[in-house]
Amino acid sequence: MRTLWQAIGSEWAKLWSVRSTWWCLAGAAALMVVTALTLGGASATDALREGGTGVRVTASEPVVSATSFVQFALVALAMLAITSEYSSGSIRATLQATPARGVVLAAKALVVAPVMAVAGVLSGAVATVVVQVVLSGDLFGGLVVSPVGEVVPDLLGVGVFFALVSVMTLGVGAAMRSAAGTLTVVFMLLMGLPLMLLTTGSQVGLDASLRMPTFAGLAFMGSTDNLAGGPMPYSAGEGLAWLLAWTAAALVAGHAVLRRRDA
């Protein structure tokens, strides 16, 4: 039986041996730059319209907002890290080599999390630089943007958010076993259900929506506005707590199914 470190080595090799890993990471980086630049340009246009030149804009704000869209590229990669084994049947070999189901899930999580964190930080950094260059150029009248040093905490937050959402997806994938089922559940958790709750117009629906993974992540990363047009009702620390709770719940569910059902 393989140890945890041996299982991590195996999962690391499997992750980088398929082209889908590279495509998902490249797609996430490209989507981050395009989305952040679009959102940053829209915000800058509004700021200039209201305040004229010399308006101060934080370059990482559009990057944080872009995570709501970019997360799905990395969710696809995290999903494939486990559902592809079920579709190909290779999960049998994985569980024969490492019979302890918890070790298998832990190894996958310990590989997926740092990869997604680094992907988030690097893609966010590139997008921040692009936004900084464009918004401070002649196109926006020399708009004043914040120094890069001020955006480092935001970029680290983006990395943590992507890591936790990816591990949550891994847990859902272990429970659902199929790519279609996993993608459906994760999409509903990240986007579908929160938006549905917002449309109810009730305070209960709003409170529930703002404590689901995407909004919890935005609060953790320092966003002050929600899609309903109001402020976030809780702190960054509470946002992280909610995000950790969702991730833990998904892992517990995935581990329970992995233990009880044969491959």
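A few points on the structure. Keep in mind that this is a model prediction, so the values were computed, not measured. (Residues numbered from 1 in each chain as written. Predicted model: local features only at pLDDT ≥ 70, side-chain atom pairs only at ≥ 80, totals over all residues. Heavy atoms only, no water.)

Moving on, we get to the overall build of the protein. The helix and strand tally for the protein stands at ten helices and two strands. Listing the helices and strands of the protein from first to last along the sequence gives α-α-β-α-α-α-β-α-α-α-α-α. Evaluated residue by residue, the protein yields a buried proportion of 47% over its 263 residues. In the protein, of all internal contacts separated by at least 6 residues, the share reaching a separation of at least 24 is 76%. (Helix = DSSP H or I, 4+ residues; strand = E, 2+ residues; numbered from the N terminus. Buried < 20%, exposed > 50% of the residue type's maximum accessible area, 1.4 Å probe, protein only. Contact = heavy atoms within 4.5 Å.)

Now for a nonpolar patch on the surface. A cluster of nonpolar side chains, Phe-187, Met-188, Leu-193 and Met-196, forms an exposed patch at the surface whose accessible area comes to about 330 Å². With respect to the helices, strands and loops of the structure, Leu-193 is situated in helix 7 (residues 179-199). On the accessibility criterion, Leu-193 (32% relative accessible area) is partly exposed. (Patch = residues over 30% accessible without salt bridge, like charges linked within 9 Å, V, L, I, M, F, W, Y side chains within 5 Å. Areas by Shrake-Rupley, 256 points an atom, 1.4 Å probe, with all protein chains shown as cover. Salt bridge = Lys/Arg side-chain N within 4 Å of Asp/Glu carboxyl O.)

Non-glycine residue Arg-177 carries a positive phi angle of around 75 degrees. Its place among the elements puts Arg-177 in the loop between helix 6 (152-176) and helix 7. Its relative accessible area of 12% is what places Arg-177 among the buried residues.

Moving on to the packing of aromatic side chains. A full pass over the atoms with the stated rule returns four aromatic pairs. Ring geometry for Phe-161 against Phe-162: centres 5.8 Å apart, planes inclined by 45 degrees, an arrangement best described as tilted. By way of ring pairs, the aromatic residues Trp-12, Trp-16 and Trp-22 are connected into one cluster. (Phe/Tyr/Trp six-rings, centres within 6.5 Å; stacked < 30°, edge-to-face > 60°.)

So, about the environment of Leu-80. With respect to the helices and strands, the residue Leu-80 is situated in helix 3 (residues 61-88). The exposure class of Leu-80 is partly exposed, given its relative accessible area of 29%.

For helix 9 (residues 213-220), the buried fraction is high: eight of the eight residues fall into the buried class. The complete set of buried residues in helix 9 reads Pro-213, Thr-214, Phe-215, Ala-216, Gly-217, Leu-218, Ala-219 and Phe-220. Looking at the buried side of helix 9, the elements it contacts are helix 3, helix 6, helix 7, helix 8 (203-209) and helix 10 (236-260). Directly after helix 9, the chain includes Gly-222, whose backbone phi takes a positive value near 100 degrees.

What follows concerns the environment of Val-151. Mapped onto the secondary structure, Val-151 falls in the loop between strand 2 (144-145) and helix 6. Using a relative accessible area of 1% as the deciding quantity, one classes Val-151 as buried. With 23 residues separating them along the chain, Val-151 and Thr-128 place their C-alpha atoms 8.2 Å apart.

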